[in-house]
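# Chains, contacts and geometry: an overview
For reference, the chains in residue letters:
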Amino acid sequence: MSNVGLIFHERFLQHDPGPSVVGTPPRPYPYLEPEAHVEHPRRVGRIKELLDQTGLTSKLRALPFEAASLDDVALFHTREYIDHVVQLSALDGYSDAGEGARLSRGSMEIALLAAGGACAAIDAVLDGSVARSYALVRPPGHHAVAHQGMGFCLFGNVAIAVKRALTRGTAQRVLVFDWDVHHGNGTQSAFYDDDRVLMVSLHQEGLYPERSGLLDEVGDGVGAGRTVNVPLPAGTGDAGYLATFERVVAPIARQFRPDLIVVSSGLDASRSDPLGRMMVTAGGFRALTRLTMSLADELCSGKLALVHEGGYSQSYAPLCGLAIIEELAGIDSGLADDLGGQARADRMRPAREVGLDVERALAEVIAIQGAYWQLGSAAAI
Ligand SMILES: [Zn+2]
């Protein structure tokens, strides 16, 4: 038995966002056979199946958890929005809690369970029950803002859990490291003027939300410099992500000195994702996890909780999830590398080299964030 906690519940697979839709108001794709929504239960269910099949589940500690209370959710969301989700979730058919946050009957209870799972994953690390934890929750959370759902997210799981820990005084300074391929706009908004939370988001530039996660969004008031956005070019790959970690994430984290690190763990920067174009391999996620663990060891007695976000390749994302959780637990089945064609992927340029466009992106981040943090100069290009 490892000292890594896992949060999972079958109910997470019952949230049904309906068929894939386009346009405003949303309608099924015209002329075509209806397609499944990309935020499909299988994208999380298949990760859990792989953990089961490899025997990893039995080596993780199943953490007890319950639905988040409405008071906890209200630490971030408005009461009006919470009431709105309650009403929509009681209806037959599909509705939308904002912008692309579709739900159906019973989704409210499942979203509360996901938020509660994130809370429990963080609490278990903070109270020392486990060294590290992974909350394999659904629906995801990092796009939801205070007054509406966005981008498949109903409630801000990470924002709620971190606000709860800060309110209870179990954490004082939290690094939220969001490696989902999309900008963590909801989490950013939750802590934009809060100097207790350092929000670092690595995302593909210009993806979702539009005009969000820009370089000059750095935080406000006492939170100035506590928001670090790293928009990266398509095709960044393993080498670019690891360089970003070493040149931007780690030095800023060392100066911030968190007492807890929370990762918004989207797997949609993977090399096979239908919604992203970043070329990160399962081995890349494994390496990113290793670096984050060693940063947590260095800065905050190893306290590290990961909360699942996006990741839409039903074939490849499970291998990335497996690699991350294996690394957390110190176990390597080799399966993710074998099935993912890691050796071949490692020979591709994005796995080996930091592209010139990535160098340029990092130079821009360092130029902006240099006003708040001591950062090395960017490599000459
Ligand atoms: Zn995403």
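Look up a bit, the structure's there.
First, a word on what this report is: a plain description of the structure on this page.

Scanning all chains against the criterion turns up 7 aromatic pairs. Cluster of aromatic residues (ring-pair linked, three or more members): Phe-177, Trp-179, Phe-245 and Phe-285. Over the aromatic face of Phe-256 sits the side chain of Arg-173, whose NZ or CZ is 4.4 Å from the ring centroid.

What follows covers the pattern of salt bridges. A complete count under the given rule lists 17 salt bridges for this structure. A salt bridge links Asp-71 to Arg-79, with the nearest nitrogen and oxygen atoms 2.7 Å apart. Judged by relative accessible area, which is 51%, Asp-71 ranks as exposed. For Arg-79, a relative accessible area of 43% corresponds to the partly exposed category. Residue Arg-211 is joined to Glu-210 by a salt bridge in which the shortest nitrogen-to-oxygen separation is 3.6 Å. Here Arg-211 matches Glu-210 in class, with each residue exposed. One salt-bridge network, in which partners are shared between bridges, spans Arg-286, Glu-326, Asp-332 and Asp-337.

Here the focus is the coordination of the zinc ion. Looking at the zinc ion, the protein donor atoms are Asp-180 (OD), Asp-180 (OD), His-182 (ND1) and Asp-268 (OD), and they sit 2.0 to 2.7 Å from it. Its 4 donor atoms give the zinc ion angles of 53 to 155 degrees at the centre, a pattern that matches the irregular case. Within one chain, the residues donating to the zinc ion are spaced in sequence as D-x1-H-x85-D. With His-182 in the loop between strand 10 (174-178) and helix 6 (185-190) and Asp-268 in the loop between strand 13 (260-265) and helix 8 (282-300), this pair connects stretches of sequence that are 86 residues apart.

What follows is about the sheet that holds strand 11 (residues 197-204). Pairing is parallel across the open sheet formed by 8 strands, whose spatial order is 4-1-8-14-13-10-11-12. Strand pairing shows two members of the sheet lacking a second neighbour, strand 4 (61-62) and strand 12 (227-232), which therefore form its edges. Set on the sheet, helix 4 (residues 107-126) makes contact with strand 1 (4-7), strand 8 (132-135), strand 13 and strand 14 (304-308); between it and strand 8 the angle comes to about 175 degrees. Running over the sheet, helix 8 touches strand 8, strand 10, strand 13 and strand 14 and is turned about 160 degrees from strand 13.

Moving on, we come to the pairing of strand 13. Summarising burial for strand 13: 6 of the 6 residues are buried, a large majority. Residues of strand 13 alternate between two faces, with Leu-260, Val-262 and Ser-264 on one and Ile-261, Val-263 and Ser-265 on the opposite face, all of them buried. Bridge analysis of strand 10 against strand 13 gives 5 bridges, and the strand direction is parallel. If you follow Val-176 over to strand 13, its bridge partner there is Val-262. Pairing geometry for strand 13 and strand 14, over 5 bridges, is parallel. Of the residues in strand 14, the one forming a bridge with Ser-265 is His-308. For the crossover that starts at strand 13, traverses helix 8 and ends in the parallel strand 14, the hand is right-handed.

Now for helix 9 (residues 317-329). Because an α-helix completes one turn every 3.6 residues, residues spaced three or four positions apart along the sequence face the same direction. Look at helix 9: 18 Å from first C-alpha to last across 13 residues, which is about the 18 Å you get at 1.5 Å a residue. Of all 13 residues in helix 9, 13 are buried, a share of seventy percent or more. Gly-330 sits one or two positions beyond helix 9 and adopts a positive phi of about 70 degrees.

In terms of residue burial, strand 14 counts as a mostly covered element, since 5 of its 5 residues are buried. What you see with strand 14 is no split at all: Leu-304, Leu-306 and His-308 on one side and Ala-305 and Val-307 on the other are buried throughout. Bridge analysis of strand 8 against strand 14 gives 4 bridges, and the strand direction is parallel. Paired with Ser-133 across the two strands is Ala-305, which belongs to strand 14.

Calculation notes
- Residues numbered from 1 in each chain as written.
- Predicted model: local features only at pLDDT ≥ 70, side-chain atom pairs only at ≥ 80, totals over all residues.
- Heavy atoms only, no water.
- Phe/Tyr/Trp six-rings, centres within 6.5 Å; stacked < 30°, edge-to-face > 60°.
- Lys NZ or Arg CZ within 6 Å of the ring centre and 35° of its normal.
- Salt bridge = Lys/Arg side-chain N within 4 Å of Asp/Glu carboxyl O.
- Buried < 20%, exposed > 50% of the residue type's maximum accessible area, 1.4 Å probe, protein only.
- Donors = N, O, S within 2.8 Å, 3.2 Å for Na, K, Ca; no water.
- Tetrahedral: all angles 85-135°; square planar, octahedral: opposite > 155°, others 65-115°.
- Helix = DSSP H or I, 4+ residues; strand = E, 2+ residues; numbered from the N terminus.
- Pairing = 2+ DSSP bridges.
- Contact = heavy atoms within 4.5 Å.
- Axes fitted to C-alpha atoms, helices over the stretch in contact; angles between N-to-C directions.
- Right-handed = clockwise from strand over helix to strand, strands pointing away.
- Expected span 1.5 Å × (residues − 1).

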